[in-house]
Amino acid sequence: MSSDLIIARDLARYFPLGGGLFTKPTAWVKAVDGVSFSVRKGESFGVVGESGCGKTTLGQMIVRLLEPTAGQVLFKGDDITHLNRRELSPFRQKIQIIFQDPYSSLDPRMTVTSIITEPLLAHGKPTKAHRRQVAADLMKKVGLRPDDQKKFPHEFSGGQRQRIGIARALCVRPELIVADEPVSALDVSIQAQVINLLGDLRDEFGLSYIFISHDISVVEHICDRIAVMYLGGIVEVAPTELFISDQRHPYSATLLAAVPRPDPNHRIQPAAMEGDVPSPIDPPPGCPFHPRCEHAFDRCRNEKPKLINVTDEHAVACFLNDGQGGVK
Ligand code: SF4
């Protein structure tokens, strides 16, 4: 039996621009365009890329907050792509999300107990005493004082609010958590604490993570594998250590080169990257990275490279790695 917990197959999400009730859209934003990957049980899978690369849209399709335009999401082999609300209910319990902003993702009018145990209401009618007990246990697990159960979100710091969000995600004993930029709104000193907490909880609860971030230095600490997204597609996937030591896509090299390293022997030769990310409304022909890539050659401008395996666990979408050695 496959150990894959979740499989994404050719997932795509296009957003219409313009148009109305009786008129067609004038253009489409291809936020995610044909993304495939799988996450194993107990694995942390990192998705990194610049703002606007489609990583948040991808995460929202996995938890079914967004309907895919095309493609499939399979959870433990079951296709959950087109399930209706009722059919989706047992899967919602298994797949939870932690949002980026601990300030706006918590209802300011609810007590911590109500927030943390709210997901229980979708799966039964828990008593007040049960909710209080569950909240107290989870607050202890995530490093909050159970005595603070009756407090409201504004009475907590940013890091504590994110811990409340994590406790809420854990409440229904999920198997997969999609963590969408879970530490980017926090002070640097607090980020490490929350990352360590997520790592500890993974070990204790046997969780899998899809960890979405613009910051490779955050992802590399907690993830077993890293996928790099650029303009709606994955351009490289590899186990974390291999990715750090032998990244093959020029875009990955540039992202890594931007991370400060204390080890002077750890040198990565970055590819030059100029200009902004092209618009997903009108992506460039050929390799989407070619307008910013110092290695681009004629083929890159006319043909889109496929994500191909360079080893069993390492896949890259770049002609420099397709066995033809960058034939011009
Ligand atoms: Fe650069 Fe060409 Fe590789 Fe794209 S395919 S990353 S343009 S070398």
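1. Remarks on the nonpolar core
Counting 56 residues, the largest nonpolar core has Ile166 and Phe211 as the members making the most contacts within it. Both of domain 1 (1–94 + 178–260 + 271–277) and domain 2 (101–173) provide at least three residues apiece to this core. Excluding residues within four positions of it along the chain, Ile166 makes contact with Ile98, Val142, Val194, Leu197, Leu198 and Leu201. Counting 32 residues, the second-largest nonpolar core is a separate cluster that includes Ala8, Leu11, Val39 and Ile212.

2. Comments concerning the sheet that holds strand 2 (residues 27–40)
Ordered in space as 2-1-4-5, the 4 strands form an open sheet in which the pairing is antiparallel. Only two strands of the sheet have a single neighbouring strand rather than two, namely strand 2 and strand 5 (78–79). Relative to strand 4 (residues 70–75), strand 1 (residues 4–17) runs antiparallel, the two being bridged by 5 bridges. Across the sheet, the residue bridging to Ile6 is Phe75, located in strand 4. Sitting on the sheet, helix 1 (residues 55–62) touches strand 1, strand 2 and strand 4, and the angle it makes with strand 1 is about 120°.

3. A short note on the pattern of salt bridges
Evaluation of the coordinates by the stated rule reveals 17 salt bridges. A salt bridge links Lys94 to Glu175; its shortest N-O distance comes to 3.8 Å. You can see Lys94 sitting in helix 2 (residues 85–94) and its partner Glu175 sitting in the loop between helix 5 (158–170) and strand 7 (176–180), a full 81 residues away along the chain. Lys94 gets classed as partly exposed once you look at its relative accessible area, which sits at 28%. The buried category is assigned to Glu175, whose relative accessible area is 13%. The partner of Arg202 in a salt bridge is Asp203, with the nearest N and O atoms 3.7 Å apart. Overall, the relative accessible area of 17% leaves Arg202 in the buried class. Among the charged side chains, a network of salt bridges with common partners joins Arg40, Glu43, Arg225 and Glu313.

4. A closer look at the sheet that holds strand 12 (residues 314–316)
Read from one edge to the other, the open sheet built from 8 strands follows the order 6-7-8-3-9-10-12-11, with strand pairing classed as mixed. Two strands bound the open sheet, and with one partner strand each, they are strand 6 (95–98) and strand 11 (308–311). Strand-to-strand, the axes of this sheet are offset by a mean angle of 20°, without reference to chain direction. Against the sheet, helix 1 engages strand 3 (44–48), strand 6, strand 7, strand 8 (208–213) and strand 9 (225–230), with an angle of about 155° to strand 8. Against the sheet, helix 9 (residues 250–257) makes contact with strand 9 and strand 10 (233–239), and its axis sits at roughly 110° relative to strand 9, the strand it touches most.

Rules behind the numbers
Counting restarts for each chain, with residues numbered from 1 along the sequence as it is written. Since the coordinates come from a predicted model, pLDDT governs what is reported: local features require at least 70, and pairs of side-chain atoms require 80 or more to be given and counted, while whole-chain, interface and lining totals use all residues. Hydrogen atoms and water are omitted, and side-chain values are computed over all heavy atoms in the structure. Working definition of a nonpolar core: buried Ala, Val, Leu, Ile, Met, Phe, Trp, Tyr and Cys residues. They are joined through side-chain atoms within 4.5 Å. Buried residues are those whose accessible area, probed at 1.4 Å on protein chains only, stays under 20% of the maximum for their type, while exposed residues exceed 50% and partly exposed ones sit between those limits. Where each domain begins and ends follows an automated or database-derived domain assignment. Note on definitions: a residue-residue contact is assigned when non-hydrogen atoms from the two residues lie within 4.5 Å. DSSP calls a pair of strands paired once it identifies at least 2 bridges connecting them. Put simply, DSSP marks the helices as runs of H or I at least four residues long and the strands as runs of E at least two long, and each gets a number from the N terminus on. The angle between two axes is taken between their N-to-C directions and runs from 0 to 180 degrees, where each axis is a line fitted to C-alpha atoms and a helix contributes only its stretch in contact. The salt bridge definition used is simple: a Lys or Arg side-chain nitrogen within 4 Å of an Asp or Glu carboxyl oxygen.

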